[in-house]
Amino acid sequence: MQYPLRFSWALEHSDRGQQQTAYQIVVSDGKSTVWDSKKTASNVTQNVPIGTKLKSDTSYTWSVRWWDSAGTESPEGTAKFSTGLYTTADWKDAKWIGGAMGQYRTQHKLKGAVERVVAYVIGLGYYKLHISGKKVSTHELGAFTTYTERVYYDTHDITDQVLLGGETMVVGMSLGDGWYTQKTVNVGKPMLMARVSITYADGTTEDLTSDTTWKYHPGPVTSVDIYNGENYNATMETPGWTSATGMLSDDWVAAKLSEPPSDHVKLTSHAILPPIRIGEDYSPVNFWQSAPGEYVFDFGQNMAGFATLFLPEGLDTVPNTQIAMFHAEMIHGPPENKSKIYHHYGNAKETNTYTRAAKAKQLPTRRCLLTQVFGTSSSQATLGRPTSRH
């Protein structure tokens, strides 16, 4: 069922006690007016439904003006919005691909100057989207749903990044387990579906969709779980894999087709359930060494988040050095006793590990380790010895 689009606006007036007596809303697709409410006698300013059906995957501009109790017309206010994908048919020829966590990519030579490029993406369980060398997705984690009944897709306006990327557009998606695949839910294997809608400056359109022409390669994230943590092996990094100038090795293989979560699953815009994003940063309020090579960071705040660790330059250039980060909600004793953190989940590791690449280059003084999300008030980092790659 499709619900009609609704408009709301706020009133401003220099006189006290004024009110709206009428309004007019106009919606345009950039070429022509698609709906005009005409002057409508009403004091309603919230949730006014549109009086026509709109096309899917289309950008619109809407404007509103209103009249006060003296019949004086207000200045016109304008804003833009776009519609998503209404039905399965709107996904065009997009196929479900995947079967393993890792890196998926494709590239496409553009026919000319672009006016609008929008990516519609589903990644089960977790994903990150890269366009021509830059990460454009801004969310963390992914939605938890009854996956056989409903999954959410994200809409990304990637026009600016495509314009910066030159004549070849590269779409790269890193795919991880997440709720969909981890053992506590375990609906199926990681998979994705994507449609990139391209509108050229001359008005012609083109679609780039996920299929077996996409390429796959294992990535540096070898496991990811909301409870157990993330393993990041930098020896498996593939520099430049999201850019047109990156050199791909011969072991990239064709992506495999996957089965959808069910034959009746509903694909719904994530706009109705805004994605999880970073809301605030915290710094440790205390820090101490709990054992040789082991350190505790107390954040003084119980939260759902992830820790970012900066390493000294010398340590970070030691090949195959492994750093483990443990997370918990309690500290087992005072700092002066060199206390460790208390693991409150007996059946969960709550641990992130990072393995430095064997061929390390000189790095900046501080390097950021990307880690997974936990409910945490303290972190404990252990600096290990070099390990061999398995």
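As shown above, the structure is provided for reference.
Residues numbered from 1 in each chain as written. Predicted model: local features only at pLDDT ≥ 70, side-chain atom pairs only at ≥ 80, totals over all residues. Heavy atoms only, no water.

A. Quick peek at the packing of aromatic side chains. Counted by the stated rule, this structure contains 16 aromatic pairs. Plain terms: the ring middles of Tyr60 and Phe81 are 5.5 Å apart, the flat faces sit at 20 degrees to each other, and that makes the pair stacked. In this pair, Tyr60 is assigned in strand β6 (residues 59-68) and Phe81 in strand β7 (residues 77-82), connecting sequence segments 21 residues apart. In terms of burial, Tyr60 and Phe81 fall into one category: buried. Here the aromatic rings of Tyr232 and Tyr354 are separated by 5.7 Å at their centres, their planes lie at 15 degrees, and the arrangement is stacked. Residue Tyr232 is located in strand β19 (residues 229-233), and its partner Tyr354 is located in strand β27 (residues 351-355); the two are separated by 122 residues in the primary sequence. For the pair Tyr232 and Tyr354, one class covers both residues: buried. Through pairs of rings, three or more aromatic residues link up here, namely Phe7, Trp35, Tyr60, Trp62 and Phe81. (Phe/Tyr/Trp six-rings, centres within 6.5 Å; stacked < 30°, edge-to-face > 60°. Helix = DSSP H or I, 4+ residues; strand = E, 2+ residues; numbered from the N terminus. Buried < 20%, exposed > 50% of the residue type's maximum accessible area, 1.4 Å probe, protein only.)

B. Quick look at the sheet that holds strand β17 (residues 215-217). Strand order across the open sheet formed by six strands is β12-β11-β14-β9-β17-β20, with antiparallel pairing between neighbours. Strand pairing shows two members of the sheet lacking a second neighbour, β12 (134-135) and β20 (253-254), which therefore form its edges. The sheet contact formed by strand β11 (residues 126-131) and β12 spans two bridges and is antiparallel. The partner of His130 across the bridge, within β12, is Lys135. (Pairing = 2+ DSSP bridges.)

C. Structural detail: the environment of Gly219. As for its placement among the helices and strands, Gly219 is situated in the loop between β17 and β18 (221-225). In this structure Gly219 comes out as buried when scored by relative accessible area, which is 7%. As a C-alpha pair, Gly219 and Glu237 span 18 residues in sequence and 6.2 Å in three-dimensional space. The residues contacting Gly219, other than those within four sequence positions of it, are Gly102, Gln103 and Met236. (Contact = heavy atoms within 4.5 Å.)

D. Structural detail: the nonpolar core. Ranked by internal contacts, the top residues of the largest apolar core, which has 26 residues, are Leu129, Ile158, Met169 and Val196. Those elements that place two or more of their residues in this core are β10 (114-124), β11, β14 (168-176) and β15 (191-200). A per-element tally of this core places β15 first, with five residues. For Leu129, the contacting residues outside a window of four places in its chain are Ala119, Val121, Lys134, Lys135, Val136, Ser137, His156, Val171, Gly172 and Met173. Counting residues in hydrophobic clusters, the runner-up holds 22 residues, among them Leu85, Trp91, Trp96 and Tyr147. (Core = buried A, V, L, I, M, F, W, Y, C linked by side-chain atoms within 4.5 Å.)

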